[in-house]
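Spelled out from the first residue to the last, the chains are:
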Amino acid sequence: MADVPTKLLSGNEAVAAAARACGVHLGTGYPGTPSTEILENFALLEGPGTAQWCPNEKVALEVGLGAAFAGARVVVTMKHVGVNVAADPLFTAAHTGVVGGLVLVAADDPGMHSSQNEQDTRHFARAAGVPMFEPADSQEAYDYFDAAMRLSEQFQIPVLLRVTTRVCHSKSLVELNPLSAPAREIGFQRDPRTLVMIPAYAKSAHVRLREKLNRIASCAAACELATTADGDGELGIITSGVAYQHAREADPDASILKLGLTWPLPMETIRDFVDVVGRCVVIEEGDDILARDLRAAGLAVQNKPEPFEFGELTVPRVQAILAGEATDPPAPETTAKPKPPQLCPGCPHRTTFELLRDRGCIVAGDIGCYTLGTLPPFNAMDTCVCMGASIGVGLGLRRVLPAEQASKVVSVIGDSTFMHSGLTGLADMVYNGPAHLVLILDNATTAMTGLQEHPGTGRSLSHQPAGQVVLEDACRGLGVHNVHIVDPMTQRDQLAELIDRYLAEPAPAVIIARRTCLLAAGKIRQYEKASDDACQDTVPQA
Amino acid sequence: MTSVINIVFAGLGGQGVLTASDICAEAAFRAGLDVKKSEIHGMSQRGGSVSSDVRIGPSVASPMVPAGQADYLVVLDETQVELNRPMLRAGGVLLSPAELPGGVEALPNRKCLNVAMLGALASHLDIDPAHWLDAVAAHLPQNLLEMNRQAFTQGHAAAK
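All values derive from a computational prediction rather than experimental measurement. (Residues numbered from 1 in each chain as written. Chains lettered and ligands numbered in written order. Predicted model: local features only at pLDDT ≥ 70, side-chain atom pairs only at ≥ 80, totals over all residues.)

Draft legend 1. Representation of the overall build of chain A within the structure. Looking only at helices and strands, chain A features 23 helices and 18 strands. Its C-alpha atoms give chain A a radius of gyration of 25 Å, near enough to 24 Å, the size a compact globule of 542 residues would have. Overall, the C-alpha framework of chain A stretches about 75 × 70 × 50 Å when taken along its three principal axes. In chain A, buried positions account for 53% of the 542 residues. Here the contacts in chain A between residues at least 6 apart in sequence split such that 75% fall between residues at least 24 apart. (Helix = DSSP H or I, 4+ residues; strand = E, 2+ residues; numbered from the N terminus. Rg over C-alpha atoms; globule rule 2.2 N^0.38 Å. Buried ≥ 20, exposed ≤ 12 C-beta atoms within 10 Å, placed from the backbone. Contact = placed C-beta atoms within 7 Å.)

Okay, here's the thing in structure tokens:
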């Protein structure tokens, strides 16, 4: 066999390389740490398929699903909380299945390095009834993507690839072997009994889904990726994902069953393993899911104590679990505190939070850099739940608080977050009231995740000119009559006056505090210059 | 190299901590070693404390350096030394800008500090300097290479 190149790649780069090597036709997603670099790298690699940021994860999965209904190979990427947003199409897509191949890459963030919760996407595989693969390093991210795509095409079912921060953002060596090619021609075949989920058709679709999962559980593909490392047989460990790496290092003598396909479970392989080892411990990062399933199946496996369900696993933590410790090993002693994250010096959001702080506002906040407005010296954000929640939460607070407090409530949301999930909240403000003030902090980018484009920027994922949703037009179109645009840096006084006006005399209002993110400004000038130059080139010479 | 060498890079957001760990991992890869590198970026690093782990050797499992097992702790900002010191094993080597003669001011540019500290680290590791310089070239823009080569050499000489 010819030599294949070996590269040092992050898990995200490896998924992108695999998607290219698999001939993926379309990549869709919404940026979210730690998943963002997958589509960005896919777009940088040569190949015929295209990648795009969608307004949110639900739309991304729906666009991907349409392409997969047409026979295409599709990758859809998002962080774990994005799967919640995409859950509606995901659950029913499990029923319809796909015609081509669809791999949904869901990136969990155990330890919450950059997330608002610590949910475990493995629950979704069980709840929606879709197969799941879990790679343990970049090589497996590459190989399992291909396995997931092939399984998706073979059984015509969407497949989850669950990665975690330490897979996405760790680099390790990858042999870039040739991967499979798309199995189907692109073209639409009418098949309403499969693709139209009216109750009459959905009933048989549900049965078909369960049959598919049973066949997948018993097929060879399930066992091919469940690898057993030889040990002394005394201690057996069942594990998956990056937890395998910690377990391997924690006890080099243990026998390890590492699961690649983690839903449906290759139960025969697992049973055979449990039978031949002495004590058997399940090492899983996140919730106590796998151990519970195995015990429900009557297998005598040991689960981890509850304290280990929080945060990331590490080699010392796995050693503690294997030693039967009930609690975490003591943290190394230091009195030094990490320097907390903060809004950049010169960040346009600073002005807005100073004004809200000085007015004692009750601030319903949202997800982005600006969530840091909750920290000193601003202390100007009082709630933050999920993408878009600022508007609904603000309206709810206004609805029930006594007048004196209600009049202090404002909602604060970023431009990308507004495009993601703010429009429907604003529709509720117009429809139900009460009169309320929404501040859209428009810095012309998705800053937190690394300056990605969104529908409001008018540029594509690859920073090329694209259609644009104009924020103020969208707000007015929804029926908000009081829409103001101010630059928080050069028009600080106007911004202050507007806030004061709407706090004093409530009316449904949106103030767009518009100033480009400092980190993005230089890049945006380059993109604009590049597109201007391209336009010049197309003008016929006189 | 017969066993795994653990290196932790630490500093503040914007100092080039992650670039330093990328270059280090790349140099080890070019030297034919197994390597794993782990980093955290996103919300928690916006202007705050940053660290990144690099593990090199014949075969590496976990991508994360366990606390108290770092052979080398490379810190780009003195304020971050105490925070990260617990990562270092007994007898492990701490490298910080204090090791550089003339300090950061003697470098061609302050922004080269990360590469200067890589030079200091390189003097402790059995990896051909050519691999280090190739790795620097692979991760930094062409127009900055000369000053970074110089910084690497200064760091390398300082630690000897």
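Let us keep going from here.
Draft legend 2. Examining the overall build of chain B more closely. Of regular secondary structure, chain B possesses 5 helices and 5 strands. The helix and strand sequence of chain B, counted from the amino end, reads β-α-β-β-β-α-β-α-α-α. The C-alpha atoms of chain B give 14 Å as radius of gyration, which agrees with the globular expectation for 160 residues (15 Å, within 12%). Seen along its three principal axes, the alpha-carbon backbone of chain B occupies a region of about 35 × 35 × 30 Å. A buried classification covers 54% of the 160 residues belonging to chain B.

Draft legend 3. Structural context of the sheet that holds strand β14 (residues 362–364) of chain A. Residues and elements named next belong to chain A. Pairing is parallel across the open sheet formed by 5 strands, whose spatial order is β14-β15-β16-β18-β17. A single partner strand is all that each edge strand has here, and the edge strands are β14 and β17 (482–486). Neighbouring strand axes in the sheet, compared pairwise and without regard to direction, differ in orientation by 25° on average. Alignment of strand β16 (residues 437–442) against strand β18 (residues 509–514), held across 6 bridges, turns out to be parallel. Bridge pairing in β18 places Leu-439 opposite Ile-511. On top of the sheet, helix α17 (residues 389–400) reaches β14, β15 (409–414) and β16; it is set at about 175° to β15, its chief contact. (Pairing = 2+ DSSP bridges. Axes fitted to C-alpha atoms, helices over the stretch in contact; angles between N-to-C directions.)

Draft legend 4. The arrangement of the interface of chain A and chain B in detail. Contacts between the two partners involve 32 residues from chain A, matched on the other side by 31 residues from chain B. Broken down by secondary-structure element, the contributors of at least two residues to the side of chain A that touches chain B are α8 (165–168), β8 (170–175), α12 (243–250) and α15 (315–322) of chain A. Looking at the side of chain A that touches chain B residue by residue, the classes come out as 14 nonpolar, 12 polar and 6 charged. Sheet topology places β8(A) next to strand β2 (residues 34–39) of chain B; 2 bridges connect them, and they run antiparallel. Among the inter-strand pairings, A:Lys171 is bridged to a residue of β2(B), identified as B:Lys37. (Nonpolar A, V, L, I, M, F, W, Y, C, P; charged D, E, K, R; others polar.)

Draft legend 5. Geometry of unusual backbone geometry. Residue and element names in this part refer to chain A. Cis peptide bonds are those with omega within 30 degrees of zero, and the linkage from Thr-33 to Pro-34 qualifies with 10°. Relative to the helices and strands, Pro-34 resides in the loop between β2 (26–29) and α2 (37–44). Between Trp-263 and the following residue, Pro-264, the backbone shows a cis peptide bond with an omega angle of -5°. Residue position: Pro-264 is located in the loop between β12 (261–263) and α13 (267–276). One non-glycine residue, Met-112, lies in positive phi territory at about 50°. Within the secondary structure, Met-112 sits in the loop between β5 (101–108) and α6 (122–129).

Draft legend 6. Representation of the sheet that holds strand β9 (residues 227–229) of chain A in the model. All names here are of chain A. Pairing is mixed across the open sheet formed by 4 strands, whose spatial order is β9-β11-β10-β13. Sheet topology places β9 and β13 (279–283) at the edges, where each strand pairs with a single neighbour. Across the sheet, the mean angle separating the axes of adjacent strands is 20° when strand polarity is ignored. The strands that α12 touches are β10 (235–240), β11 (255–259) and β13; relative to β10, the one it contacts most, it runs at about 155°.

Draft legend 7. Quick peek at helix α22 (residues 492–504) of chain A. Over its 13 residues, α22(A) extends 18 Å from the first C-alpha to the last, a length consistent with the 18 Å expected when each residue adds 1.5 Å. For α22(A), the secondary structure elements touched by its buried residues are α16 (349–358), β16, β17 and β18 of chain A. (Expected span 1.5 Å × (residues − 1).)

Draft legend 8. Spotlight on the pairing of strand β3 (residues 49–57) of chain B. Residue and element names in this part refer to chain B. Within β3, 8 of the 9 residues are buried, which leaves it mostly tucked inside the rest of the structure. The pairing of β2 with β3 spans 6 bridges and is antiparallel. Paired with Glu-39 across the strands is Ser-52, a residue of β3.

Draft legend 9. Spatial organisation of the nonpolar core. Ranked by internal contacts, the top residues of the largest apolar core, which has 157 residues, are A:Phe145 and B:Leu121. Discounting chain neighbours no more than four positions away, the residues touching A:Phe145 are A:Val15, A:Ala18, A:Ala19, A:Cys22, A:Val103 and A:Leu161. Within the second largest apolar cluster, 52 residues are counted, among which are A:Cys361, A:Cys369, A:Val438 and A:Val486. (Core = buried A, V, L, I, M, F, W, Y, C linked by C-beta atoms within 7 Å.)

Draft legend 10. Quick peek at helix α1 (residues 17–30) of chain B. Residue and element names in this part refer to chain B. Helix length check: α1 (14 residues) gives 20 Å between terminal C-alpha atoms against 20 Å at 1.5 Å per residue, within 8%. Taken together, the buried positions of α1 are occupied by Val-17, Leu-18, Ala-20, Ser-21, Asp-22, Ile-23, Cys-24, Ala-25, Glu-26, Ala-27, Ala-28 and Phe-29. Residue Gly-32 follows α1 closely and has a positive phi angle near 85°.

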